[in-house]
Amino acid sequence: FIYLFHSNITPGKNGVPVAENFRLEPSTIADTLQAGQVRVKTLYLSVDPYMRCRMNEDTGSDYLQPWQLSEVADGGGIGVVEESKHSNFAKGDFVTSFTWPWQTLAVLNGDLLQKLVPQLVDGRLSYFLGAAGITGLTALLGIREKGHVAAGANQTMVVSGAAGACGSLAGQIGRLEGCSRVVGIAGTDEKCSILVQEMGFDAAINYKKGDVAKQLRELCPGGVDVYFDNVGGDISDAVISQMNQNSHIILCGQISQYNKDVPYPPPLPPDIEKIQKERNITRERFLVLNYMDKQEASVLQLCQWIQEGKLKVRETVVEGLENIGAAFQSMMSGGNIGKQIISLSK
């Protein structure tokens, strides 16, 4: 027997996901592998904001498939090969997939797996789900492809959702790529302190305290040149109001809007849209999967920064598959610092 995690009762287009949307069940897997298959033991699973879209029949995206009721949910995962009938993999190999099933053991199609090199992250395998994986690639390629950051240009970057998996990396990468000032927006004093003291942000705003627009004016006296947007909504409206002529929004995520029935990217309020157009602010949808030709070189860059200590990595780790629903719920409401990881490695 193994345990599987199933999506259960959907929260609806305007609902908030809860742990009860999932259930844990025992199951079995095939004893014998077919050609090309690999049996793996799950070590780490990722829960991410985009998964909220998969809880609806219409995900609002052409690249995301909805989770099916009473079927195994899936997402980013890492495991170790226990048996292989695929020429690329042997017992003991560490592998990953973007469509890893939420279960403790699994038989997978080897063609959908990617072999990992633990030495690239000093043995911290879970980093391949975050800083050295899709999350890190989203931050790095988002800044390089949509941020128009240039060393020596004296640019100010603002990051919303700055203590989350992507935001915490984006602020640091913005600095490494050449921004002269980086300001983060997060939801607790603890998160703001970590951003400044540990991750090198120049300043951080607790959006739950005080006037965000007023604090932005004080902390970004020269305006905002690059905005890494993870949240949307009122916070983004405040940032866009203070963006400079010909500045750039990196449209990474809109977590404040994911529980609402709105298109993606959500339309801006008329007054904010007017500012965007008058100041020629770019706001284009960014999808990291469109830049996979740059994946290998970008991952190596991320790993190099991690090894050199230039990229600080935070994770919020929850033990046990049985706790993945609660971890997902917590992550969606800002309960994590850095990447939310589920560990099954014990």
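The structure contained in this document is the topic of the report that follows. (Residues numbered from 1 in each chain as written. Predicted model: local features only at pLDDT ≥ 70, side-chain atom pairs only at ≥ 80, totals over all residues. Heavy atoms only, no water.)

### Describing the overall build of the chain
The criterion, for reference: Every helix listed is a DSSP run of H or I at least four residues long, and every strand listed is a run of E at least two residues long, numbered separately from the N terminus. Throughout this description, buried means an accessible area under 20% of the type-specific maximum (1.4 Å probe, protein chains only), exposed means over 50%, and partly exposed covers the range between. A contact between two residues is defined here by any heavy atoms of the two lying within 4.5 Å. Each accessible area value is a Shrake-Rupley result obtained with a 1.4 Å probe; residue values ignore everything except the protein chains displayed when judging cover.
A tally of regular secondary structure across the chain gives 8 helices and 15 strands. Classification of the 346 residues of the chain by burial places 53% in the buried group. At a minimum sequence separation of 6, the contacts of the chain that also span at least 24 residues come to 68%. Just so you have it, the chain exposes about 15,200 Å², and 48% of that area is on carbon and sulfur atoms.

### Examining the side chain of Thr 156
Along the polypeptide, Thr 156 turns up in strand 8 (residues 156-160). Every residue in contact with Thr 156, bar those within four places of it in the chain, is listed here: Arg 181, Cys 220, Gly 223, Val 224, Asp 225 and Val 226.

### Comments concerning the pairing of strand 12 (residues 243-251)
Operational definition: Any two strands with at least two DSSP-identified bridges between them are counted as paired. A crossover gets the label right-handed when its path from the first strand over the helix to the second runs clockwise, viewed with the strands pointing away from the viewer.
Bridge count for strand 11 (residues 224-229) against strand 12 is 5 bridges, and the pairing is parallel. Bridge pairing in strand 12 places Phe 228 opposite Ile 250. As a crossover connection, the stretch from strand 11 through helix 5 (residues 233-240) into strand 12 is right-handed. Examined bridge by bridge, strand 12 and strand 13 (residues 282-285) share 4 bridges and lie parallel to one another. When the sheet's bridge partners are listed, Leu 251 is paired in strand 13 with Arg 285.

### Side note on helix 3 (residues 189-197)
Stated formally: The arc in question is traced by the directions running from the helix axis to the C-beta atoms.
Regarding helix 3, the residues found buried are Lys 191, Cys 192, Ile 194 and Leu 195. An end-on view of helix 3 places all buried positions within 160° of arc, on one side of the element. What points out from helix 3, more than 90 degrees from its buried face, is the exposed set Glu 190 and Gln 197.

### Brief notes about the nonpolar core
Put simply, the rule reads: Put simply, buried Ala, Val, Leu, Ile, Met, Phe, Trp, Tyr and Cys residues joined by side-chain atoms within 4.5 Å make one nonpolar core. Where each domain begins and ends follows an automated or database-derived domain assignment.
Ranked by internal contacts, the top residues of the largest apolar core, which has 49 residues, are Ile 143, Ile 173 and Phe 228. Residue-level mapping places this core at the junction of two domains, with at least three residues from each of domain 1 (2-130 + 314-343) and domain 2 (138-289). Not counting residues up to four positions away in its chain, the partners in contact with Ile 143 are His 148, Val 149, Met 157, Ala 170, Ile 173, Gly 174, Glu 177, Phe 228 and Ile 250. Membership of the second largest hydrophobic core comes to 27 residues, among which are Val 40, Met 51, Leu 108 and Leu 113.

### Some points on the environment of Leu 120
Here Leu 120 lies in the loop between strand 7 (114-115) and helix 1 (134-147). Each C-alpha atom of the pair Leu 120 and Gln 304 lies 7.8 Å from the other, and the pair is 184 residues apart in sequence. Sequence-distant contacts of Leu 120, defined by excluding residues within four places in its chain, comprise Phe 128, Leu 300, Cys 303 and Gln 307.

### Brief notes about unusual backbone geometry
Of note in the backbone geometry, Asp 122 takes a positive phi value of approximately 55° without being a glycine. Within the secondary structure layout, Asp 122 lies in the loop between strand 7 and helix 1. The exposure class assigned to Asp 122 is partly exposed, which follows from its relative accessible area of 48%. If you check the backbone angles, Asn 246 has positive phi at about 60° while not being a glycine. Mapped onto the elements, Asn 246 comes out in strand 12. Judged by relative accessible area, Asn 246 falls into the partly exposed class, the value being 45%.

### Some words on the packing of aromatic side chains
To keep it simple, the criterion reads: Aromatic rings from Phe, Tyr and Trp, with only the six-membered ring used for Trp, were paired whenever their centres fell within 6.5 Å, and each pair was classed as stacked if the ring planes differed by under 30 degrees, edge-to-face if by over 60, and tilted otherwise.
Taken as a whole, this structure holds 3 aromatic pairs when the rule is applied. Where Phe 22 meets Trp 102, the ring centres are 5.6 Å apart and the plane angle is 40°; that geometry is what we call tilted. A residue pair is termed long-range when its members are at least 10 positions apart, and Phe 22 in strand 2 (residues 22-27) and Trp 102 in the loop between strand 5 (94-101) and strand 6 (105-109) qualify at 80 residues. Across the pair, exposure class does not vary: Phe 22 and Trp 102 are buried alike. The interplanar angle of 25° and the centroid separation of 5.5 Å between the aromatic rings of Phe 286 and Tyr 291 together place this pair among those described as stacked.

### Overview of the side chain of Arg 39
Rules: Any pair of N or O atoms that falls within 3.5 Å is considered a polar contact. Within protein, one atom must be able to donate a hydrogen and the other to accept it, and sequence-neighbouring residues count only if both atoms are side-chain atoms.
Relative to the helices and strands, Arg 39 resides in strand 3 (residues 37-46). A polar contact is formed between the side chain of Arg 39 and the side chain of Glu 83, at a distance of 2.6 Å. Setting aside residues no more than four positions away along its own chain, Arg 39 makes contact with Ile 29, Leu 33, Val 80, Val 81, Glu 82, Glu 83, Ala 106 and Val 107.

### Section: the environment of Gln 155
Looking at where Gln 155 falls in the secondary structure, it is placed in the loop between helix 1 and strand 8. Once the C-alpha coordinates of Gln 155 and Ser 180 are considered, the two residues, 25 residues apart in sequence, prove to be 5.6 Å apart.

### Structural notes on the pairing of strand 8
The buried count for strand 8 comes to 5 of 5 residues, which makes it a mostly enclosed element. A two-sided burial pattern is seen for strand 8, the buried positions comprising Thr 156, Val 158 and Ser 160 on one face and Met 157 and Val 159 on the other. Alignment of strand 8 against strand 11, held across 3 bridges, turns out to be parallel. The residue bridging Met 157 from the neighbouring strand is Val 226, located in strand 11.

### Some words on the pattern of salt bridges
Close approach of charged atoms allows side chains of opposite charge to pair. Which entries qualify depends on this criterion: Each salt bridge in this description consists of a side-chain nitrogen of Lys or Arg and a carboxyl oxygen of Asp or Glu lying within 4 Å of one another.
A full pass over the atoms with the stated rule returns 16 salt bridges. In this structure, Glu 82 engages Arg 39 in a salt bridge whose closest nitrogen and oxygen atoms are separated by 3.5 Å. Of the two residues, Glu 82 sits in strand 4 (residues 74-84) while Arg 39 sits in strand 3, which places them 43 residues apart along the sequence. Through salt bridges with shared partners, a single ionic network connects Arg 39, Glu 82 and Glu 83.

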